[in-house]
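Structural overview
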Amino acid sequence: MRDRLNLSLPVEMISQISELAIRKRLTRSAIVEAAIASFLSPDGADRKEAAFARRLDRLTRQVQRLERNSGISIEALALFVRFWLTVTPPLPPEAQTSAQAKGRERYEGFIEALGRRLNHGRTLLDEIPRDLLRTSETETHSAHPSPAGTTGEED
């Protein structure tokens, strides 16, 4: 048995319902009935909770990637600083002024190069997998020499 219910909806919502009805080849009544049934169903809250859980899981994975990436960056910087401090000899006092000027010049060049890389969207974290792949391919090629007359490289 069916009973009639008259209701008022915003014009925009009625046009959305009409467009959906055309796309799905259903009546507007069927669309509204399904929406109300979904709203009133006891498992509606469970579906919302599951959707939130999926979003939270995705956000958690993104935060974990950020933590990993920042950890790699920090370790790379620490390794560089440790190496630099280990291999760089102290300068005599008379060379300090020219060394500071050269240092400022190099730093400006570094900042410019960094800006260019970031503008092009290239990052160290993107290059690490490519470098590992190249190293792996190089090791594979050296372990399996190319047949006579070939270089082992693609043309």
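Before any of the text, the structure's been laid out above.
Here's what I pulled together on the structure shown here. (Residues numbered from 1 in each chain as written. Predicted model: local features only at pLDDT ≥ 70, side-chain atom pairs only at ≥ 80, totals over all residues. Heavy atoms only, no water.)

Some remarks on the overall build of the chain
If you tally the helices and strands in the chain, you get 5 helices and 0 strands. Counting from the amino terminus, the chain carries its helices and strands in the arrangement α-α-α-α-α. The buried share of the chain, reckoned over its 155 residues, is 4%. For the chain, the computed accessible surface area is about 14,400 Å², with 60% contributed by carbon and sulfur atoms. (Helix = DSSP H or I, 4+ residues; strand = E, 2+ residues; numbered from the N terminus. Buried < 20%, exposed > 50% of the residue type's maximum accessible area, 1.4 Å probe, protein only. Areas by Shrake-Rupley, 256 points an atom, 1.4 Å probe, with all protein chains shown as cover.)

Description of the packing of helix 1 (residues 11–24) against helix 2 (residues 28–40)
Running from N to C, helix 1 and helix 2 cross one another at 110 degrees; their axes reach a closest spacing of 9 Å. As the angle between them shows, helix 1 and helix 2 are arranged roughly perpendicular. When helix 1 is examined against helix 2, the residues I14, I17, S18, L20 and A21 are found in contact with a partner set consisting of R28, I31 and V32. (Axes fitted to C-alpha atoms, helices over the stretch in contact; angles between N-to-C directions. Parallel < 35°, antiparallel > 145°, perpendicular 65-115°, else oblique. Contact = heavy atoms within 4.5 Å.)

Overview of the pattern of salt bridges
Throughout the structure, instances matching the rule amount to 2 salt bridges. Between R2 and E33 there is a salt bridge, with the nearest N and O atoms lying 2.9 Å from each other. Here the residue R2 occupies a position in the segment before helix 1, and E33 occupies one in helix 2, the gap between them amounting to 31 residues. The class for R2 is exposed, based on a relative accessible area of 67%. K102 is the partner of E105 in a salt bridge, and the nearest nitrogen-oxygen pair spans 3.3 Å. Taken together, the residues E105 and K102, both in helix 4 (residues 96–119) and 3 residues apart, mark about one turn of the helix. (Salt bridge = Lys/Arg side-chain N within 4 Å of Asp/Glu carboxyl O.)

A closer look at helix 1
Here helix 1 spans 20 Å end to end across 14 residues, near enough to the 20 Å set by a 1.5 Å rise per residue. Directly beyond the C-terminal end of helix 1, a positive phi value near 55 degrees is found at R25. (Expected span 1.5 Å × (residues − 1).)

Thoughts on the layout of surface pockets
Taken as a whole, the largest pocket spans an internal volume of roughly 620 Å³. Contributing to the lining of the largest pocket are 15 residues, with L5, L7, R28, S29 and V32 lying nearest its centre. Sort the elements by how many residues they give to the lining of the largest pocket and helix 2 lands first, with 5 residues. Residue composition of the lining of the largest pocket, grouped by class: 7 nonpolar, 3 polar and 5 charged. Approximately 350 Å³ is the volume found for the second largest pocket. Ranked by residues supplied to the lining of the second largest pocket, first place goes to helix 4 with 6 residues. Taken together, the residues of the lining of the second largest pocket sort by class into 7 nonpolar, 2 polar and 2 charged. (1 Å grid on protein atoms, 1.4 Å probe; cavity = no way out; pocket = protein on both sides within 12 Å on 5 of 7 lines; lining within 4 Å. Points joined across faces, edges and corners; volume = space filled by probe spheres on them. Nonpolar A, V, L, I, M, F, W, Y, C, P; charged D, E, K, R; others polar.)

Quick word on a positive patch on the surface
A contiguous patch of positive charge on the surface is contributed by R54, R55, R58, R61, R65 and R68. Among the secondary structure elements, R65 is positioned in helix 3 (residues 44–87). (Patch = residues over 30% accessible without salt bridge, like charges linked within 9 Å, V, L, I, M, F, W, Y side chains within 5 Å. Lys, Arg positive; Asp, Glu negative; His and termini not counted. Charge placed at Lys NZ, Arg CZ, Asp CG, Glu CD.)

A word on a nonpolar patch on the surface
Residues L5, L7, L9, M13 and I14 make up a contiguous nonpolar surface patch of about 430 Å² in total accessible area. For L9, the location among the structural elements is in the segment before helix 1. Owing to a relative accessible area of 31%, L9 belongs among the partly exposed residues under this scheme.

Functional significance is not addressed by these values, which are geometric in nature.
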